[in-house]
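Spelled out from the first residue to the last, the chains are:
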Amino acid sequence: MRVIMIAFLGFAMFAAPVAAKPPLREVAAIDDALLDVGIADAIRDNCPTIDARLIKATAFLWRLKGQANDLGYTDAEIDAYRKSDAEKERLKARGRAFFKARGVDTSNPQSYCALGLEEIQKQSRIGSLLRAK
């Protein structure tokens, strides 16, 4: 009987409910990476001498999705996060704060270019998604 009780307790420990996943916006590895993609996209949209590395960016986004799947998020949860107007606006606000903190004058395309070139030179994640023409 004692062996059965020990086995049952051991099984119960493994069957304990898993803690709920946090919203994707709270998973820094995902949210910050998505922000960097948005920042790189804004740089290439506003700087006439910088292009996106589209294949690299697409592959990066697929890896990011895979990472979210590996963390237990379903495709439906990822799509809801990705398509959410509230999340898009929140990320845009974070992007605006990033540009402001980095001294980007959003009315001056050369300001975006300077930041883009700096990121490319640093070989940052943002810079890795960009290339100078």
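Predicted, not measured: the structure shown is a model, and the values here were computed from it. (Residues numbered from 1 in each chain as written. Predicted model: local features only at pLDDT ≥ 70, side-chain atom pairs only at ≥ 80, totals over all residues. Heavy atoms only, no water.)

**Q** Account for the side chain of Glu87, with residues named and values stated.
**A** Looking at the element boundaries, Glu87 is found in helix α5 (residues 85-101). One polar contact links Glu87 to Arg90, side chain to side chain, over a distance of 2.7 Å. Beyond its immediate stretch of four places on either side in the chain, Glu87 contacts Arg25 and Tyr81. (Helix = DSSP H or I, 4+ residues; strand = E, 2+ residues; numbered from the N terminus. Polar contact = N/O pair within 3.5 Å; in protein donor to acceptor, adjacent residues only side chain to side chain. Contact = heavy atoms within 4.5 Å.)

**Q** Now, about the nonpolar core: what can you tell me, with residues and values included?
**A** Within the largest apolar cluster, 28 residues are counted, with the highest numbers of intra-cluster contacts made by Leu24, Ile30, Ile43 and Phe99. Residue assignment for this core shows that the elements contributing at least two residues are α2 (28-46), α3 (54-70), α4 (75-83), α5 and α6 (109-122). If one sorts the elements of this core by residue count, α2 sits on top with eight residues. (Core = buried A, V, L, I, M, F, W, Y, C linked by side-chain atoms within 4.5 Å. Buried < 20%, exposed > 50% of the residue type's maximum accessible area, 1.4 Å probe, protein only.)

**Q** So what's going on with the state of the cysteines? Residues and values would help.
**A** Counting across every chain of the model gives one disulfide. Between Cys47 and Cys113 runs a disulfide, and the two sulfur atoms are separated by 2.0 Å. Taking the torsion about the S-S bond as the criterion, the Cys47 to Cys113 disulfide, at about 110°, is right-handed. In this pair, Cys47 is assigned in the loop between α2 and β1 (50-52) and Cys113 in helix α6, connecting sequence segments 66 residues apart. (Disulfide = S-S within 2.5 Å.)

**Q** Mind laying out the layout of surface pockets, listing which residues take part and the relevant values?
**A** The calculated volume of the largest pocket comes to roughly 790 Å³. Around the largest pocket, the lining is made up of 31 residues, and of these Leu34, Leu35, Val37, Gly38 and Leu91 lie nearest the centre. Where the lining of the largest pocket is concerned, the elements lending two or more residues are α2, α3, α4 and α5. Ranked by the residues each element gives to the lining of the largest pocket, the list is headed by α2, at nine residues. Its residues assigned to classes, the lining of the largest pocket comprises 17 nonpolar, four polar and 10 charged. For the second largest pocket, the calculated volume is near 180 Å³. (1 Å grid on protein atoms, 1.4 Å probe; cavity = no way out; pocket = protein on both sides within 12 Å on 5 of 7 lines; lining within 4 Å. Points joined across faces, edges and corners; volume = space filled by probe spheres on them. Nonpolar A, V, L, I, M, F, W, Y, C, P; charged D, E, K, R; others polar.)

In short, geometric facts, not functional conclusions.
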